[in-house]
Each structure stands twice: as C-alpha cells, then as structure tokens.
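Chain by chain, the residues:
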Amino acid sequence: MAPVPPGVRLLVSFDRDQWYRALTFILTFLLYTSFHLSRKPISIVKSELHKNCSAVSEAAIIASSSSQQPSLSSLHTDVDCSWKPFDKSNYKQLLGAMDYSFLCAYAIGMYLSGIIGERLPIRLYLTVGMLASGVFTCLFGLGYIYNIHNLSFYIFVQVANGLVQTTGWPSVVTCIGNWFGKGRRGLIMGLWNSHTSVGNILGSLIAGYWVSSNWGMSFIVPGLIIIIMGVVCFLFLIEHPNDLKTVYTQNSSLGKTVPTKSWNGVNGHTEVYLQYKDNKNQSYDTELLLPRDSERIPMQPVVVVKSESEPSAISFMGALRIPGVVEFSLCLLFAKLVSYTFLFWLPLYITKAAHLDAKKAGDLSTLFDVGGIVGGILAGVISDKLGKRATTCAVMLLLAAPTLYGFSMISEFGLGPTIGMLLVCGGLVNGPYALITTAVSADLGTHKSLKGNARALSTVTAIIDGTGSVGAALGPLLAGLLSAGGWDQVFYMLMTADFLALLLLLRLVTKELASSKSHPISTVELKEH
C-alpha cells in the first residue's frame, strides 16, 4: 500500500470546525478587501482630473495652431480639458469637499449601521450593502463616459456610497469575532486586518491602469468586483458557528435511518427500541441524550429547552458604558484622521512633491499600505505578547510623529529614502488604527461586564469605527483647505492629531502599566470612570 501524500495528511488533520473557521477568515478578508478596493480610485484619479484641464489644454492649443483641421483625437482632448468643475484654481477645495461628503456620510451612517446590524441577519445586510456600493461606485465612473460635469452628481454619489458602505465593517468584525476566541486575537486580527492595505494596493493598481486613458474604468471595474463579492457573500457567509447546527440536524434526519428493532414487552406488548451505535453522523445533541455501547432504550419524544433566553441587543448608551470604549473611540478619531488623509491625498502629494505622473505616484503610494500590513501584524503580535493593547498603540503613535515630520521633506530625498520612509510611516500610522478597529473592538464587544451577551459586538464596533470615521472625514477636508497654503501645514496638522490620539490613551496606558498581570486587554481590569 502506497503511503498517503503529506499534503493529504495535512488536509485531513483539520477537523470540520477548523475548515469552516478558515472559510470565514478568508471570505471576510476578501469581502472587506473589495470595500477598500472601491474606495481607493478617487485618490488616484484626483491628479488626473486637474491635469486634464491644465497641462493638456496647452498641448491642444499648440496642436490646433499647427493644423487648421482638428483631428478626432484633438477634439477628444478638448472635451477632457474642459472637464469641470475640477479645472478651477480651487480644485483642491472641491476635491476635499468630495472626500468629505463620502466620509461624513460614512461617519453618520456607521452609528446607525451597528445598531441595525445587531437586529438583522448579517449575511443579507452585508450582501445588500455590497451590491448597492458596487452600483454607486460604477455610477461615479459613468460620469466620465456620459460627460457629466455637475459637482452635485458626484457629491450625491459619494454620499450614497458612504452610507451603504457602513454595512461592511460592523458585519465582518462581528463574523470574525464570533468564529475566533480571545487566545491570539491580536495576531489573527492583525493578519486579517491587512485586507485594508491589500484593498488599497489593488485599488491603486486597478485605478492606475486606466487613470490616464479612461478614468471612468478606474471606478467601474472596482464597482463590478464588489458586486461579484456581494453575490459570493450571499452564497457562502456563515455568521456564527451555531448556524451550522441546523444543517447538521437536517443532514442527520435525511441520512441513513437508525436501525430499530421490535421486542416483545411484558404481557405481550410490543415496543419499539432504538439501537444506538457510536455513529459520527449523529448530531451533537443526540450524542448527549443517547448512551453509547449499543445500548437499547425505549424511544421517547425529547424536548430540548434552552436554559437561558436569547440575549437582547445592547443599546447605544449601554455600549458607551463599557470601560474603554470612549477612550479608544476618541483615540481612533485622530488616528484615522491621519490614516485617511494619507489614503486620499498621498498620490497627489507625491505627484506634486516628487514630480511624478499619476500612474507612478499611485504605484509608489502602495508602499505606504505595504508598511501598514506589517505594522498591523506587529501591533497585534506585540499586544498579544504583552497583554497591553493601549500601551502598544501609544508607543507606535509616539514614534509616528517624527516620522511624519521626516515625510514632509520627501521632495529633498532620493527614491531609496522615499521608499523607506513610506514603509516606516505606513507601519506606524496604520498599526494603532488596525489594532483599535479589530482586536480592541472585538475585546470590548465581548467585555466581561456584558456577562456573556455577545450581541454587543456589532454595536461596539460601529461606535468605535463611527467615531474614527469623523476624523476620517475631517482629515481629507482639512488637507484640502490647508494644502493651498503649502503641504507643510498639512503635516503639522497630522502631527498634532497624532499627539492628541496619544494623550487620549494615557489613562488606559497608566492602568495597564500599573497592572501586575500580563494578559489581553479583554480581561484586564478597566474600571468605569
């Protein structure tokens, strides 16, 4: 008999629950990757929108003066150069307002999304949100194809897209929190949260491929991707391990019938007895109710009654009273302000400071997200090892401030130092942001003060990320206003936000350092104030 291949032995070494856990991990990773993939194109297209209306127009004038009969290509260039309303000198403020409309709607909708998500089936809620988000993302790109130059159209699309995208984060965090315990949550969620950076990288590459020729496709392709992933979500997402119990029960009832045998009872009565053997197909409840060793017992109707009633969803104010929620929410406000300013403005800044075209700037900006992947994983591993989430975030925020100052002088560096600065800055900026939105949110959503009520996870996640999204809305808006006076002012604003995020964590850091125990923050004594 030939030996079993090592790959097959590896596959069969995992039990059914582990396979379902891996499916949930990979599926939720891909689902939220598609969300971020659809958000990135606007930052890549920004520099092209203004470039079409300035530099290209000069080339068109020269071409028209040298030929009395304008060609078809020059006519198309005229259309590109008259693209409005981003051809004015206040284009930075207009682009900043467009970012703000998306992020402000996202921040407001996030507070409601978590509360709604606790009361609806997550799979259906997330599917509808993804399909709607794909439609609005495609709609933005159709503005190029149909020559729509009305700013109100783009503002409306951004607001609508911001609202429907709030279905994503509370849903996927709730699913991953349901499937994975607290043991190595920092590492697992650090790896899982890299979907943010992976989505940004893929979004940059996809948008950059079409940005110079047809920027409408930079939105349409990501929109189609998120629609496809919405269908995949509907077909395969399992919200909670308990949802599989009904499937196992149905399979058991539809499978082979359990052998029965009639025996003559006392006084000639005939009773039906159940012969039970150690059968893998039996449901978990059956294994508890029936004995082993082929014993025969009379069949009796069994009624299984839950010992406790289904816990009710937590209220908004109840979630705010969980120790640590307010501090981490406000900290994330400033941390996400910094992160999203880079997300929406980094390609344009590289274009202006390093004098690169839109595609090269977009490709180079992906290094910031590569650093973010490493930073998120390191933050999770270190916080698991030390058992101090707040302290880990505080140290990374402290190191990020001088890095931001160095990044403001990117125009004076060569290509090599610029790449290194992008990687380091990405890790230190996105590390705390990733840790708070994943492991910390899951820890607080299953805090011991909830007494086992797991239905608070979506609401807590929405409160923390919703508060952070307020900062995400303010950051790009302030960057658009301040950049008119020079990019140095933008970086001073980012450093100030970084220090404020650090200050908001000082109380929790002090409490963690004073604690003699070293275990995850989910079990650290955080007394209410």
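Relative to the assigned elements, Arg 389 resides in helix 18 (residues 389–407). Using a relative accessible area of 0% as the deciding quantity, one classes Arg 389 as buried. Engagement of the side chain of Arg 389 in a polar contact is seen with the side chain of Ser 383, the distance being 2.8 Å.

Relative to the elements of secondary structure, Ile 148 occurs in the loop between helix 7 (122–145) and helix 8 (151–164). For the pair Ile 148 and Lys 84, spaced 64 residues apart in the sequence, the C-alpha separation amounts to 8.6 Å.

This brings us to the pattern of salt bridges. Under the counting rule described, the total for this entry stands at three salt bridges. A salt bridge links Arg 389 to Asp 384; its shortest N-O distance comes to 3.0 Å. The class for Asp 384 is buried, based on a relative accessible area of 18%.

According to the stated counting rule, one finds 19 aromatic pairs in the structure shown. Here Trp 169 and Trp 192 contribute two aromatic rings whose centre-to-centre distance is 5.7 Å and whose plane-to-plane angle is 25°, an arrangement assigned as stacked. Of the two residues, Trp 169 sits in helix 9 (residues 168–179) while Trp 192 sits in helix 10 (residues 185–192), which places them 23 residues apart along the sequence. Given the relative accessible area of 3%, Trp 169 is considered buried. Judged by centre distance (4.6 Å) and plane angle (10°), the rings of Phe 342 and Phe 368 are stacked. In this pair, Phe 342 is assigned in helix 16 (residues 325–354) and Phe 368 in helix 17 (residues 358–386), connecting sequence segments 26 residues apart. Summarising the burial analysis for this pair, Phe 342 and Phe 368 share the class buried.

Side chains of nonpolar character tend, in soluble globular proteins, to be buried together. Core analysis: the biggest nonpolar cluster contains 82 residues, and Phe 342 and Leu 494 have the highest contact counts within it. At 16 residues, helix 16 tops the list of elements feeding residues into this core.

Turning our attention to helix 20 (residues 457–482). With 26 residues, helix 20 extends 37 Å between its outermost C-alpha atoms, agreeing within 8% with the 38 Å of an ideal straight helix rising 1.5 Å per residue. With respect to burial, helix 20 is a largely interior element, 20 of its 26 residues being buried.

Its place among the elements puts Ser 329 in helix 16. Side-chain polar atoms of Ser 329 contact the backbone oxygen of Val 325, separated by 2.6 Å. What Ser 329 contacts, discounting residues up to four positions off in sequence, is Ile 463, Ile 464, Thr 467 and Gly 468.

Interhelical geometry of helix 7 versus helix 8 gives an angle of 165° and a closest axis separation of 9 Å. Accordingly, the angle class assigned to the pair helix 7 and helix 8 is roughly antiparallel. The hand of the helix 7/helix 8 crossing is left-handed. Between helix 7, through Gly 129, Ala 132, Ser 133, Phe 136, Thr 137, Leu 139, Phe 140, Gly 143 and Tyr 144, and helix 8, the contact on the second element is made entirely by Phe 153, Tyr 154, Val 157, Gln 158, Ala 160, Asn 161 and Val 164. Among the residues making up the contact of helix 7 with helix 8, the classes are represented as ten nonpolar, six polar and no charged.

With respect to the secondary-structure elements, Thr 127 resides in helix 7. Judged by relative accessible area, Thr 127 falls into the buried class, the value being 7%. In the structure, Thr 127 is positioned 99 residues away from Ile 226 in sequence and 9.9 Å away in space, judged by C-alpha atoms. A polar side-chain atom of Thr 127 sits 2.7 Å from the main-chain carbonyl oxygen of Arg 123.

Here is what the cut-offs are and how they apply
- Residues numbered from 1 in each chain as written.
- Predicted model: local features only at pLDDT ≥ 70, side-chain atom pairs only at ≥ 80, totals over all residues.
- Heavy atoms only, no water.
- Helix = DSSP H or I, 4+ residues; strand = E, 2+ residues; numbered from the N terminus.
- Buried < 20%, exposed > 50% of the residue type's maximum accessible area, 1.4 Å probe, protein only.
- Polar contact = N/O pair within 3.5 Å; in protein donor to acceptor, adjacent residues only side chain to side chain.
- Salt bridge = Lys/Arg side-chain N within 4 Å of Asp/Glu carboxyl O.
- Phe/Tyr/Trp six-rings, centres within 6.5 Å; stacked < 30°, edge-to-face > 60°.
- Core = buried A, V, L, I, M, F, W, Y, C linked by side-chain atoms within 4.5 Å.
- Expected span 1.5 Å × (residues − 1).
- Contact = heavy atoms within 4.5 Å.
- Axes fitted to C-alpha atoms, helices over the stretch in contact; angles between N-to-C directions.
- Parallel < 35°, antiparallel > 145°, perpendicular 65-115°, else oblique.
- Left-handed = near helix turned anticlockwise from the far one by under 90°.
- Nonpolar A, V, L, I, M, F, W, Y, C, P; charged D, E, K, R; others polar.

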